[in-house]
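Tertiary structure, described
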Amino acid sequence: QVQLVESGGGLVQAGGSLRLSCAASGRFFSIRNMGWYRQAPGKQRELVATITSGGFTNYADTVKGRFTISRDNAKDSVSLQMNSLKPEDTAVYYCKSGVIIAGALSDYWGQGTQVTVSS
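Everything in this summary refers to the structure shown in the same document. Keep in mind that what you see is a predicted model, and the values were worked out from it rather than measured.

Reading guide: rules and limits
Per chain, residue numbering runs from 1 following the sequence as it is written. Note on the predicted model: pLDDT of at least 70 is required for a residue's local features to be given, and 80 or more for side-chain atom pairs to be given and counted; whole-chain, interface and lining totals, by contrast, use all residues. The side-chain figures draw on all heavy atoms in the structure; neither hydrogens nor water molecules are used. Each residue is assigned to one of three classes by its accessible area relative to the maximum for its type, calculated with a 1.4 Å probe on protein chains only: buried under 20%, partly exposed between the two thresholds, exposed over 50%. Working definition: helices are DSSP H or I runs of at least four residues, strands are E runs of at least two. Numbering for both runs from the N terminus. In this scheme, strands are said to pair when DSSP sees at least two bridges between them. Axis angles are defined between N-to-C directions and span 0 to 180 degrees, where every axis is a line fitted to C-alpha atoms and, for a helix, only to the segment in contact.

**A short note on the pairing of strand E8 (residues 77-82)**
Counting buried residues along E8, five of its six residues qualify, which places the element largely inside the surrounding structure. Direction of pairing for strand E3 (residues 18-26) relative to E8: antiparallel, over a ladder of six bridges. Counted as the bridge partner of Ser21 is Ser79 from E8. Note that strand E7 (residues 67-72) and E8 share six bridges and pair antiparallel. Considered in E8, the bridge of Phe67 is made with Met82. Taken together, E7 and the strand that follows it, E8, pair antiparallel across an intervening segment of four residues, in which Asp76 is found at a positive phi of about 50°.

**Considerations on the sheet that holds E7**
Reading across from one edge, E1-E3-E8-E7 is the order of the four strands in this open sheet, with antiparallel pairing throughout. Each of the sheet's edge strands pairs with one partner strand only, and the pair in question is strand E1 (2-7) and E7. Neighbour-to-neighbour, the strand axes of this sheet turn through a mean angle of 15°, independent of strand direction.

Okay, here's the thing in structure tokens:
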């Protein structure tokens, strides 16, 4: 079984910064894409940023220039540095990883971490 454990959420004032981290553990061959998604109350879960095993990144337009995704392949981990936070960034943030097990690719999700930005 694969587990994704997130950390780093919390409460911050608008304009502040937070750093989220997510580490994968368990028995697997490798991890492909890793990413962060978020879900605000009453809204659908949306993509925030993704990163491939080769380091190629993709960002939602709403976070470009403010958020930076990075990964450490040796530690099977992914981080999200969030700067210039806005109240509309308030959401539960989820880590997602595409994991190869026995030749098959499956998506795994973390439990979510709350980010609250006050105005």
